[in-house]
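# Reading the structure
So the chains spell out like this:
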Amino acid sequence: MDGLDNPISRITARMRDRVREWRTLPEGHARRSLPREAVAILDRRHAILARAIASPALEREDLFRNGQPGGPPKA
């Protein structure tokens, strides 16, 4: 999981930079759409990495449900 934390931090920083850039460009500027498009792409990448971090945690939860390995106890 630690291997994915750093890429997520970098993506977040890049998103903040693009939003800052978008805010500084005046309305109607030819480049104003570029930072917005970049943020949309970075947002999708962020979501993919966030799911990659969450998936192993969810799998472990399923494996040890009710404190028993192998999932829920048999009925």
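Rules used throughout
Residues numbered from 1 in each chain as written. Predicted model: local features only at pLDDT ≥ 70, side-chain atom pairs only at ≥ 80, totals over all residues. Heavy atoms only, no water. Helix = DSSP H or I, 4+ residues; strand = E, 2+ residues; numbered from the N terminus. Contact = heavy atoms within 4.5 Å. Areas by Shrake-Rupley, 256 points an atom, 1.4 Å probe, with all protein chains shown as cover. Salt bridge = Lys/Arg side-chain N within 4 Å of Asp/Glu carboxyl O. Buried < 20%, exposed > 50% of the residue type's maximum accessible area, 1.4 Å probe, protein only. Core = buried A, V, L, I, M, F, W, Y, C linked by side-chain atoms within 4.5 Å.

Counting its regular elements, the chain contains 2 helices and 0 strands. In the chain, 50% of the contacts between residues at least 6 apart in sequence involve partners at least 24 apart. Only carbon and sulfur atoms are counted for the fraction: they give 56% of the accessible area of the chain, which is about 6000 Å².

The full count for this structure, using the stated rule, is 4 salt bridges. Note that E21 and R18 form a salt bridge whose closest N and O atoms lie 3.1 Å from each other. Placement of both E21 and R18 in helix α1 (residues 2-24) is noted, with a separation of 3 residues, approximately one turn of the helix. We classify E21 as partly exposed; its relative accessible area is 22%. Residue E21 pairs with R31 through a salt bridge whose shortest N-O separation is 2.9 Å. Of this pair, E21 sits in helix α1 while R31 sits in the loop between α1 and α2 (33-63), and the two are 10 residues apart along the sequence. In this structure R31 comes out as partly exposed when scored by relative accessible area, which is 42%. Linked by salt bridges that have partners in common, R18, E21 and R31 make up one network.

Of all hydrophobic cores here, the largest spans 7 residues; its members are I8, I11, M15, V39, L42, L49 and I53. When contributions to this core are tallied by element, the ones reaching two or more residues are α1 and α2. The element contributing the most residues to this core is α2, with 4 residues.

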